[in-house]
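Topology and contacts: notes
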Amino acid sequence: MTAAAPGVTLFTDGKSPEQIAGFAARTPHQRIGEPSDIAGPIAALCSGDGACINGQTVLANGGIV
């Protein structure tokens, strides 16, 4: 089984604007991800392109550190 970990991309409910800005400041792109940002990695994992990827967690989180 393989999983995609979107980070704060989908988990902003209940977070203040200041918290969200803090998350964004910790990424190389200075923004949090949008659902469309993780669609490509998930589509690749579900397609033949991801057939040999097993037992991994793919961090589709914009590089948050």
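Before going into details, it helps to say that this report is about the structure given with it. Here the structure is a predicted model, which is why all the values come from computation and not from measurement.

A few words now on the overall build of the protein chain. Across its full length, the protein chain holds 2 helices and 2 strands. Going through the 65 residues of the protein chain one by one, you find that 18% of them count as buried. Sequence-distant contacts in the protein chain: of pairs separated by 6 or more residues, those separated by 24 or more amount to 74%. Surface summary for the protein chain: the accessible area is close to 4400 Å², and the carbon and sulfur share equals 61%.

All right, on to the side chain of Thr27 then. Mapped onto the elements, Thr27 comes out in the loop between helix H1 (17–25) and helix H2 (35–46). Taking relative accessible area as the criterion, Thr27 reaches 4% and is therefore assigned buried. Within the structure, the side chain of Thr27 is placed 3.1 Å from the backbone oxygen of Arg31, a separation counted as a polar contact. Non-local contacts of Thr27, meaning those with residues more than four positions away in its chain, are made with Asn61, Gly62, Gly63 and Ile64.

Conventions and cut-offs
Residues numbered from 1 in each chain as written. Predicted model: local features only at pLDDT ≥ 70, side-chain atom pairs only at ≥ 80, totals over all residues. Heavy atoms only, no water. Helix = DSSP H or I, 4+ residues; strand = E, 2+ residues; numbered from the N terminus. Buried < 20%, exposed > 50% of the residue type's maximum accessible area, 1.4 Å probe, protein only. Contact = heavy atoms within 4.5 Å. Areas by Shrake-Rupley, 256 points an atom, 1.4 Å probe, with all protein chains shown as cover. Polar contact = N/O pair within 3.5 Å; in protein donor to acceptor, adjacent residues only side chain to side chain.

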